[in-house]
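So the chains spell out like this:
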Amino acid sequence: MTISDKILSNHVGKKVVPGDVIICPVDGVMATDTTGPLAIKAFREMGGTQVFDPAKCALILDHAVPPPNERIANLHKMMRSFAKEQDMRLFEIGEGICHQVMVEHEYVKPGDVFVGADSHTPTYGALNAFACGVGSTDLAATMMTGKIWLKVPHSIKIKCQGKLQKGVSAKDLILYLVGQLTISGATYQAIEFEGETFESMTLASRMTIANMVAEMGGKAGIVNPKGLILDYAYEGIEPDIYAKYLKTYEFDVADLEPQISAPESPDNVSNLSNHHGVKIDYAFIGTCCNGRLEDLQSAAKVLKGKRIKSGVRFLIAPASKSTLLDAMKDGTLQTLIEAGASIITPGCGPCVGTHQGVPGNDEVVISAANRNFKGRMGNPNSNIYLAAPATVAASALHGEITAPDMYLT
């Protein structure tokens, strides 16, 4: 059995195989200010009166914070009211991005099944959990019952060997893998990541890997627990030696170069050197993909004692309040601000294009986010490149797409 087979079988109480349709108990659910109001409405329409377990349900204000207009402010008000009524946790403005705070506050742990009304919910696979995104209506039903219906996915194995070289990070690796599998190469599959490359990764880097499973079309993405260090004891779930996979991919990534995703699709990936020198107007670091402390630290390492290029604006949205405080304590934040970066409210920030940093017409953006579809950041007439945080920082420094390796010793 694969990891996802085992996790789902453990929860259902019997052996399941790919293709089975199951009713599966969940260990937690969450919704954001984008999906929560619709889920609450559906919950009411279904006759819901009480969530299945308030301690396992959470609402997060993160996509449009602080609210940019009256309509969104009232949606936030609705969510606060529902959370109070149900005695469930609501993470307020500035507490952070849903996927970051769910991990920080231990709503999801290894071996869990977790459901979120957000497409990047597979991020929790970094914890060796089965996590998937669903629509607001499915989430409402899960909040009521504590169960989700699923078709057990087939599994794909991605095995990577080799140590990433200087200037190459988990973001570069996952961009490369998205480019190899393409944006629909794993539709409704569970991807399992294993091999020495992943074993040496921090939890933050593993979250970056699992996060962009969504950009392959995956249902879930699970990192093998070998090498995973957490603040608490856990029992990891590994696949059987003879587990059956729909496909297996093997890559030696020791010589992988910094990668970049060019407009207008995350799988439009090539070596950064192919785009070296492209002028940029706007740099952004943050999101559920790359707004964690190690991401900000890598940017600070590039920028320490320097100033970003005149004419370039550089926005940073820490993934959580905890990340922001840690970056303050170790001097990372001061380095970034002195270099010319602007720090905005912990949350999704410009990623979805609701507010807080919409680019202008014909402007070129280099972003540490996970999507660069046309109009993704709020303006269909801008161009978005995706890259690792260190690359974003180096590019902001030079005013053009630049590899970071010369700054990372």
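Residues numbered from 1 in each chain as written. Predicted model: local features only at pLDDT ≥ 70, side-chain atom pairs only at ≥ 80, totals over all residues. Heavy atoms only, no water.

Enquirer: Can you tell me about the pairing of strand 7 (residues 147–151), naming the residues and giving the values?
Expert: Burial of strand 7 is one-sided: the residues Ile 148 and Leu 150 facing one way are buried, the residues Lys 147, Trp 149 and Lys 151 facing the other way are not. Where strand 1 (residues 21–25) meets strand 7, 5 bridges bridge the pair, whose relative direction is antiparallel. Each bridged residue has a counterpart across the sheet, and for Cys 24 the counterpart in strand 7 is Ile 148. (Buried < 20%, exposed > 50% of the residue type's maximum accessible area, 1.4 Å probe, protein only. Helix = DSSP H or I, 4+ residues; strand = E, 2+ residues; numbered from the N terminus. Pairing = 2+ DSSP bridges.)

Enquirer: Account for the sheet that holds strand 3 (residues 57–60), with residues named and values stated.
Expert: Read from one edge to the other, the open sheet built from 5 strands follows the order 4-3-2-5-6, with strand pairing classed as parallel. Among the strands making up the open sheet, the edge pair consists of strand 4 (89–91) and strand 6 (130–133). Within the sheet, the average angular offset between the axes of one strand and its neighbour, ignoring direction, is 20°. Of the strand pairs in this sheet, strand 5 (residues 113–116) and strand 6 are connected by 4 bridges, and their pairing is parallel. When the sheet's bridge partners are listed, Val 113 is paired in strand 6 with Phe 130. Of the strands in this sheet, strand 2 (28–32), strand 3 and strand 4 are in contact with helix 3 (residues 70–86), which crosses strand 3 at around 160°. (Axes fitted to C-alpha atoms, helices over the stretch in contact; angles between N-to-C directions. Contact = heavy atoms within 4.5 Å.)

Enquirer: Tell me about a negative patch on the surface, residues and numbers included.
Expert: A cluster of like negative charges, contributed by Glu 196, Glu 199, Glu 238, Asp 252, Asp 255 and Glu 257, occupies part of the molecular surface. Residue position: Asp 252 is located in strand 11 (residues 247–252). (Patch = residues over 30% accessible without salt bridge, like charges linked within 9 Å, V, L, I, M, F, W, Y side chains within 5 Å. Areas by Shrake-Rupley, 256 points an atom, 1.4 Å probe, with all protein chains shown as cover. Salt bridge = Lys/Arg side-chain N within 4 Å of Asp/Glu carboxyl O. Lys, Arg positive; Asp, Glu negative; His and termini not counted. Charge placed at Lys NZ, Arg CZ, Asp CG, Glu CD.)

Enquirer: Please give an account of unusual backbone geometry that cites residues and values.
Expert: The linkage connecting Val 65 with the following residue, Pro 66, adopts the cis geometry, with an omega of -15°. Looking at where Pro 66 falls in the secondary structure, it is placed in the loop between strand 3 and helix 3. Cis peptide bonds are those with omega within 30 degrees of zero, and the linkage from Pro 263 to Glu 264 qualifies with 0°. Within the secondary structure, Glu 264 is located in the loop between strand 12 (259–261) and strand 13 (269–271). Although it is not a glycine, Thr 182 adopts a positive phi angle of roughly 75°. Here Thr 182 is to be found in the loop between helix 6 (170–181) and strand 9 (190–194). Located in the positive-phi region is Thr 287, a residue other than glycine, with phi close to 75°. With respect to the helices, strands and loops of the structure, Thr 287 is situated in helix 9 (residues 287–290).

Enquirer: Summarise the pattern of salt bridges; cite the residues concerned and give the values.
Expert: Counted under the stated rule, the structure contains 11 salt bridges. Among the salt bridges present, the one from Arg 89 reaches Glu 95, with a minimum N-O distance of 3.1 Å. Given the relative accessible area of 32%, Arg 89 is considered partly exposed.

Enquirer: Got a sec to walk through the side chain of Ser 270? Specific residues and values, please.
Expert: Residue placement: Ser 270 occurs in strand 13. In this structure Ser 270 comes out as buried when scored by relative accessible area, which is 18%. In terms of polar contacts, Ser 270 uses its side chain to reach the side chain of His 275, at 3.2 Å. With near-sequence residues (within four places) excluded, Ser 270 lies in contact with Pro 258, Gln 259, Ile 260 and His 275. (Polar contact = N/O pair within 3.5 Å; in protein donor to acceptor, adjacent residues only side chain to side chain.)

Enquirer: Report on the sheet that holds strand 11, specifying residues and quantitative values.
Expert: Strand order in this open sheet of 4 strands is 10-9-8-11, and the pairing throughout is parallel. Only two strands of the sheet have a single neighbouring strand rather than two, namely strand 10 (220–223) and strand 11. With strand direction ignored, the average angle separating the axes of adjacent strands in the sheet is 20°. Taken together, the 6 bridges between strand 8 (residues 155–161) and strand 11 define a ladder with parallel strand orientation. Considered in strand 11, the bridge of Ile 156 is made with Lys 247.

Enquirer: Give a detailed account of the packing of helix 10 (residues 293–303) against helix 13 (residues 389–398), specifying residues and quantitative values.
Expert: Helix-helix packing is characterised by the crossing angle of the two axes and by the distance between the axes. Look at helix 10 against helix 13: their axes get within 8 Å of each other, and the N-to-C directions meet at 30°. Note that helix 10 runs across helix 13; the crossing there is right-handed. Facing helix 10, whose interface residues are Asp 295, Ser 298, Ala 299, Val 302 and Leu 303, helix 13 presents Pro 389, Ala 390, Ala 393, Ala 394 and Leu 397. Classifying every residue of the contact of helix 10 with helix 13 gives 8 nonpolar, 1 polar and 1 charged. (Left-handed = near helix turned anticlockwise from the far one by under 90°. Nonpolar A, V, L, I, M, F, W, Y, C, P; charged D, E, K, R; others polar.)

Enquirer: How would you sum up the nonpolar core? Please name residues and give values.
Expert: In terms of nonpolar packing, the biggest core is built from 38 residues, with Leu 8, Leu 59, Phe 82, Val 115, Phe 130, Leu 139 and Met 143 touching the most fellow members. Here the element with the most residues in this core is helix 2 (residues 36–45); it accounts for 4 residues. When sequence neighbours within four positions are dropped, the list of residues in contact with Met 143 reads Val 29, Ala 39, Phe 43, Gln 50, Val 51, Phe 52 and Phe 82. (Core = buried A, V, L, I, M, F, W, Y, C linked by side-chain atoms within 4.5 Å.)

Enquirer: So what about the state of the cysteines? Which residues, and what values?
Expert: Summed over the entire model, instances satisfying the criterion amount to 0 disulfides. Unpaired in this structure, Cys 57 has its nearest cysteine sulfur neighbour in Cys 132, at a distance of 15 Å. Free of any disulfide, Cys 160 has its nearest neighbouring cysteine sulfur in Cys 289, separated by 16 Å. For Cys 160, a relative accessible area of 0% translates into the label buried. (Disulfide = S-S within 2.5 Å.)

Enquirer: Tell me about the packing of aromatic side chains, residues and numbers included.
Expert: All chains considered together, the criterion is met by 6 aromatic pairs. Taking the centre distance of 5.7 Å and the plane angle of 80° together, the rings of Tyr 176 and Phe 251 count as edge-to-face. On the criterion of sequence distance, the pair formed by Tyr 176 in helix 6 and Phe 251 in strand 11 is long-range, its members being 75 residues apart. The exposure class of Tyr 176 is partly exposed, given its relative accessible area of 21%. Classification of Phe 251 by relative accessible area gives buried; the value is 13%. Chaining the aromatic ring pairs together yields one cluster made of Tyr 176, Tyr 249 and Phe 251. If you follow Lys 151 out to its NZ or CZ, it ends over the ring of Tyr 188, 5.4 Å from the centre. (Phe/Tyr/Trp six-rings, centres within 6.5 Å; stacked < 30°, edge-to-face > 60°. Lys NZ or Arg CZ within 6 Å of the ring centre and 35° of its normal.)

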